[in-house]
There are 2 protein chains.
Amino acid sequence: MQRLIDKIVEMQNPTVAGLDPKLDYVPSFIKEKCFEKYGKNLEGAAQALLEFNKALIDALCDIVPAVKPQAAYYEMYGWQGVKALAETIAYAKSKGMYVITDGQRNDIGTTMEAYAAAHLSTTEIEGSEVEAFGADALTVNGYLGSDGINPLLKICEEKDKSIFVLVKTSNKSSGELQDKITDGKTVYETMGNMCENWGKDLTGKSGYSAVGAVVGATYPEMLGELREKLPHTFFLVPGYGAQGGGANDVKYAFDKNGIGAVINSSRGIMCAWKKEDGATENDFAEATRREAIRMRDDIRAVVGEMKA
Amino acid sequence: MQRLIDKIVEMQNPTVAGLDPKLDYVPSFIKEKCFEKYGKNLEGAAQALLEFNKALIDALCDIVPAVKPQAAYYEMYGWQGVKALAETIAYAKSKGMYVITDGQRNDIGTTMEAYAAAHLSTTEIEGSEVEAFGADALTVNGYLGSDGINPLLKICEEKDKSIFVLVKTSNKSSGELQDKITDGKTVYETMGNMCENWGKDLTGKSGYSAVGAVVGATYPEMLGELREKLPHTFFLVPGYGAQGGGANDVKYAFDKNGIGAVINSSRGIMCAWKKEDGATENDFAEATRREAIRMRDDIRAVVGEMKA
C-alpha cells in the first residue's frame, strides 16, 4: 500500500481511474477499425477495449497514480476480453501506474491461493514462476472470514502487494446485511475491524497496512466514522461522480495528513468526451485528461496537501 | 434450477464433479504432450488442463448430472487458462452436463449485469448477442445485498439459469462473520432468508427456486436447520470428501423427496487415480468414474430414491 501512497503524494492526487470499458464508451473510429480487422465478434470488441484503454492510460499516466480495471467488463467479452484485461494491466504498469484489479474475489484455502497467484503473484509451471495477471492490488470480499484472506496476506508481504476488502459498499441496498447490528456493532464495522486485524503486521511507514477497505462515497457519515475507527486501513472509495458523491462527501475518508484514501471515478473519466460541452469523440483522450485534472483539483481543494 | 433437479432425478445422482484443475493433478503423459506442443508456459499448462477436463467429462457425463469448474484455477493460468475454462464449459454442455461456474462473483448495478452477461447470458456486439462463457449457473456472494442480486434474477427467469448464493461456507473461520447474531438470527440465516426472498417468483415444479444457496457439508447441524427454514432454496454443498464431510453429514441437506441439494466433490474426483490402490495415471479417467460411482452410491444409500 505504501507504493500507492507514495505515488499519491508524489502526484498530489488521491484518485484512481476506473477502467470499466463497455463498447458504448469507445469512440466509433476505434470500434470500426477493430471490427474491420478482427470481425464483429468478441475478439474485435476486446481489441477495441484494449486500444481505448491504452489511449486513456497514455492520457493519464503522468497525473493519475493508479488505474482500477473492473474484471466484470472484461469477462463479458469472453476470454478475449480477459486477454485485454491482462494486456491493459501490463500496459498500465509499463507506464508506471499502480494497478488495482477490481474483482471482489473470494474463496478459501487452496482456491483463494489460486486467486492470489492469478491476480497478485505467480503460478508455478514445471519449476518456473510465471505471472498470470500481475496487478499490484486486488479487491476481495471477506464474507468467508480469515480462511479467505490469510492466503493473500503472505503474498502482500512477500511481493509488496495490497488487497481492498469490501466493508461498506456504495449501493442503496448495501445496508440489508452491512448495516445490521451484531455484538453492538454493524456488520460493516465488524468487517472493518477484521481488516485492521488482518493488516496488523503489514503496516508501512505512513501507518497504513497492506489490507485496505472499500467504503462507498455515498455514505459520507460512515466514511468519517470508519476513518476514525480504522486508523491503519487505507480506503478505496467508489461512488464519486456518476454514483452521486462529490468532494465534500469524500473528504471524511482522509486523515490529517491528507492521505488515507484513494477516490475512484470510472464512467466520469472514461466517458468524459460524451459529457463535456463541445467535446467530440476525436477528442476523447484530452477530455478524459481534463476531467481527471478537474477531479484531482476538486478533491485537492478539500483535502489540502498530502504528506506520506 | 429445475433443469438440474430433473437431471439429478433422471440419473438418481445428486452430485456434481468439481473441475478445479491444478497441474499437479494432471497425468504426466498429458502434461508432457502439451508442453512439447505449446511450450512450458501458460498456454501449455492451459491446454493440459483442458485435455484433462475433457477426459474427465467423457468419463462422467452419463452418470453425473453436473460439473462445477472453479474459476480461480483457470485464472491462475492467465487468459490462456480462462480460455480453457470457456472451452471446458462448452464441452461439458455439448455432453449434456449442467454447468455451474464457481466464481463467487459480486458487485452492483451495471457491473453485476456485466458479470451476469459474462457467465450466464450474452453480450451485445453491434446488435448481435454473443455468448461469452454461457454456464447454466453461477455462484455469487450476497454481501452487497439486493443491488448485487437483482441483475441476475431477470436473466435466471428469461434464460432459465440459476445462481447459488454463499450462505454458510465450509471453512473453519466461516463463523467469524456468518455465525454472528443480528436481529435474533445468525448472519447466515439472514442471508438464507434473503435467498428465499430473491427466489420467490422463480420457483419451478419441484418447489425450488432459481436462487440456491451454498451451504458447507462440514456443518451438518446447520444444513438440517437451513433445509427446514429455507424450503424453496436448493443447496450446493461443498466439503464432501477432501474437506472431511461424508454421506451422513450431507443427508440433512435433502428433503423428504430425496432432493433439495447437490453435493460437490472436486479433489476426490479429479485425483482419484492418485488415491486409489493400484491405479496408475494411465487409468485416471476410469479411476475418476469409479470414485464418482462410489460417491453416488454412498449418498444414495442415505438419501433414498429421488423424486422431482
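What comes next concerns the included structure. Note that the structure is a prediction, hence the values are computed from the model and not measured.

Reading the values: the criteria
- Residues numbered from 1 in each chain as written.
- Chains lettered and ligands numbered in written order.
- Predicted model: local features only at pLDDT ≥ 70, side-chain atom pairs only at ≥ 80, totals over all residues.
- Helix = DSSP H or I, 4+ residues; strand = E, 2+ residues; numbered from the N terminus.
- Rg over C-alpha atoms; globule rule 2.2 N^0.38 Å.
- Buried ≥ 20, exposed ≤ 12 C-beta atoms within 10 Å, placed from the backbone.
- Contact = placed C-beta atoms within 7 Å.
- Pairing = 2+ DSSP bridges.
- Axes fitted to C-alpha atoms, helices over the stretch in contact; angles between N-to-C directions.
- Core = buried A, V, L, I, M, F, W, Y, C linked by C-beta atoms within 7 Å.
- Nonpolar A, V, L, I, M, F, W, Y, C, P; charged D, E, K, R; others polar.
- Least-squares fit on C-alpha atoms with pLDDT ≥ 70 in both.
- Arc of directions from axis to C-beta.
- Parallel < 35°, antiparallel > 145°, perpendicular 65-115°, else oblique.
- Left-handed = near helix turned anticlockwise from the far one by under 90°.

1. What to know about the overall build of chain A
Counting secondary structure elements, chain A contains 14 helices and twelve strands. Compactness check: chain A gives a C-alpha radius of gyration of 19 Å against a globular reference of 19 Å for 308 residues, within 12% of the reference. Taking the principal axes of the C-alpha coordinates as reference, chain A spans close to 60 × 50 × 35 Å. Classification of the 308 residues of chain A by burial places 61% in the buried group. Once local pairs closer than 6 in sequence are excluded, the contacts in chain A between residues at least 24 apart make up 72%.

2. Let's talk about the sheet that holds strand 3 (residues 98-105) of chain A
Through backbone hydrogen bonds, the strands of a sheet pair up, either in parallel or in antiparallel fashion. All names here are of chain A. Taking strand neighbours around the barrel as the criterion, the eight strands line up as 1-2-3-6-7-10-11-12 in a closed arrangement whose pairing is parallel. Adjacent strand axes in the sheet meet at a mean angle of 30° when their direction is disregarded. Most of the contacts of helix 1 (residues 2-11) go to strand 3, to which it runs at about 130°, and overall it touches strand 2 (66-69), strand 3, strand 7 (162-168) and strand 12 (261-265).

3. Some details on the nonpolar core
Val165 of chain A together with Val165 of chain B are the most contacted members of the largest nonpolar core, which has 223 residues in total. Residue contacts for Val165 of chain A: discarding those within four places in its chain leaves Val140, Gly142, Met191, Cys195, Val211, Ala213 and Val214 of chain A.

4. Considerations on the sheet that holds strand 6 (residues 137-140) of chain B
Residue and element names in this part refer to chain B. Strand order in the closed barrel made by the eight strands is 1-2-3-6-7-10-11-12, with parallel pairing throughout. In this sheet, neighbouring strand axes are inclined to one another by 30° on average, regardless of whether the strands run parallel or antiparallel. Note: strand 10 (residues 211-215) against strand 11 (residues 235-237), two bridges, orientation parallel. In the strand pairing of strand 11, Val214 is matched with Leu236.

5. Thoughts on the pairing of strand 1 (residues 15-19) of chain A
All names here are of chain A. Among the five residues of strand 1, five are classified as buried, and the element is accordingly described as predominantly covered. In strand 1, alternate side chains face the same way, and those of Thr15, Ala17 and Leu19 on one face and Val16 and Gly18 on the other are all buried. Here strand 1 runs beside strand 12; their pairing, made up of three bridges, is parallel. In the sheet register, Val16 faces strand 12, and the bridge partner there is Asn264. Where strand 1 meets strand 2, four bridges bridge the pair, whose relative direction is parallel. By the bridge assignment, Ala17 is partnered in strand 2 with Val67.

6. Section: the interface of chain A and chain B
On the chain B side, the residues contacting the 57 residues of chain A number 57 residues. Across the side of chain A that touches chain B, the residue classes tally to 28 nonpolar, 18 polar and eleven charged.

7. Here we look at the environment of Leu144 of chain A
Mapped onto the elements of the fold, Leu144 of chain A is located in the loop between strand 6 (137-140) and helix 7 (146-159). Along the backbone, Leu144 of chain A and Ile108 of chain A are 36 residues apart, and their C-alpha atoms lie at a distance of 7.3 Å. Aside from chain neighbours lying at most four places away, what touches Leu144 of chain A is Asn106, Asp107 and Ile108 of chain A together with Thr169, Asn171 and Ser174 of chain B.

8. Examining helix 6 (residues 109-119) of chain A
In terms of burial, helix 6 of chain A is largely enclosed, as nine of its eleven residues are buried. Three or more residues of helix 6 of chain A are buried, namely Thr111, Met112, Glu113, Ala114, Tyr115, Ala116, Ala117, Ala118 and His119 of chain A. As for helix 6 of chain A, its buried residues are in contact with strand 3, strand 4 (122-125), strand 6 and helix 7 of chain A together with helix 4 (71-75) of chain B.

9. Points about the relation of the copies chain A and chain B
Note on the copies: chain A fits chain B at an RMSD of 0.0 Å, the axial shift is 0.0 Å, and the rotation between them is 180°. Such values leave the two copies arranged in the relation of a two-fold axis. Taking the C-alpha atom as reference, chain A places Thr182 of chain A closest to the rotation axis, 2.4 Å from it. Mapped onto chain B, 100% of the interface residues of chain A are again interface residues, and the two copies thus contact each other with one and the same surface.

10. With respect to helix 1 (residues 2-11) of chain B
Residues and elements named next belong to chain B. Buried residues of helix 1: Leu4, Ile5, Lys7 and Ile8, and no others. The buried residues of helix 1 occupy one face: seen down the axis, they fall within an arc of 160°. Packed against the buried residues of helix 1 are strand 2 (66-69), strand 3 (98-105), strand 7 (162-168) and strand 12 (261-265). Positive phi shows up at Gln12, right after helix 1, with a value of about 50°.

11. Overview of the environment of Lys274 of chain B
All names here are of chain B. Mapped onto the elements of the fold, Lys274 is located in helix 13 (residues 272-275). Take Lys274: there are 15 C-beta atoms within 10 Å of it, and that puts it in the partly exposed class. Taking the C-alpha atoms as reference points, Lys274 and Leu49, 225 residues apart in sequence, are found 16 Å from one another.

12. Some thoughts on the packing of helix 2 (residues 28-38) of chain A against helix 3 (residues 42-60) of chain A
All names here are of chain A. Contact geometry for helix 2 and helix 3: axes closest at 8 Å, N-to-C directions at 140°. Put simply, helix 2 runs oblique to helix 3. By crossing handedness, the relation of helix 2 to helix 3 is classed as right-handed. Of the residues in helix 3, those touching helix 2 at Ile30, Lys31, Cys34, Phe35 and Tyr38 are Glu43, Gly44, Gln47, Ala48, Glu51 and Phe52.

13. What about the packing of helix 5 (residues 78-94) of chain A against helix 5 (residues 78-94) of chain B?
Relative placement of two packed helices is described by the angle separating their axes and the distance separating the axes. At a minimum axis separation of 9 Å, helix 5 of chain A and helix 5 of chain B run at an interaxial angle of 170°. As far as their axial angle goes, helix 5 of chain B and helix 5 of chain A are roughly antiparallel. Helix 5 of chain A and helix 5 of chain B meet at a crossing whose hand is right-handed. In this structure, helix 5 of chain A contributes Gly78, Trp79, Val82, Lys83 and Ala86 of chain A to the contact, and helix 5 of chain B contributes Gly78, Trp79, Val82, Lys83 and Ala86 of chain B.

14. Brief notes about the pairing of strand 12 of chain A
Residues and elements named next belong to chain A. Burial analysis of strand 12 places five of its five residues in the buried class, which makes it a mostly covered element. Burial of the side chains of strand 12 extends over both faces: Ala261, Ile263 and Ser265 are buried on one face and Val262 and Asn264 on the other. Sheet topology places strand 11 (residues 235-237) next to strand 12; three bridges connect them, and they run parallel. Residue Leu236 lies in a different strand from strand 12, and its bridge partner there is Val262.

15. Digging into the environment of Ile108 of chain A
On the secondary structure map, Ile108 of chain A appears in the loop between strand 3 and helix 6. By the C-beta count within 10 Å, which is 24 here, Ile108 of chain A ends up buried. Linking Ile108 of chain A and Gly145 of chain A, residues 37 residues apart in sequence, is a C-alpha distance of 8.7 Å. Setting aside residues up to four positions removed in sequence, Ile108 of chain A forms contacts with Leu144, Asp147 and Gly148 of chain A together with Thr169 and Asn171 of chain B.

16. Comments concerning unusual backbone geometry
Positive phi is not limited to glycine here, since Asp160 of chain A has a value of about 60°. Counting through the fold element by element, Asp160 of chain A comes out in the loop between helix 7 and strand 7. A count of 15 C-beta atoms within 10 Å places Asp160 of chain A in the partly exposed class. Notably, Gln104 of chain B is not glycine yet its phi reads approximately 45°, a positive angle. Turning to its location among the elements, Gln104 of chain B is positioned in strand 3.

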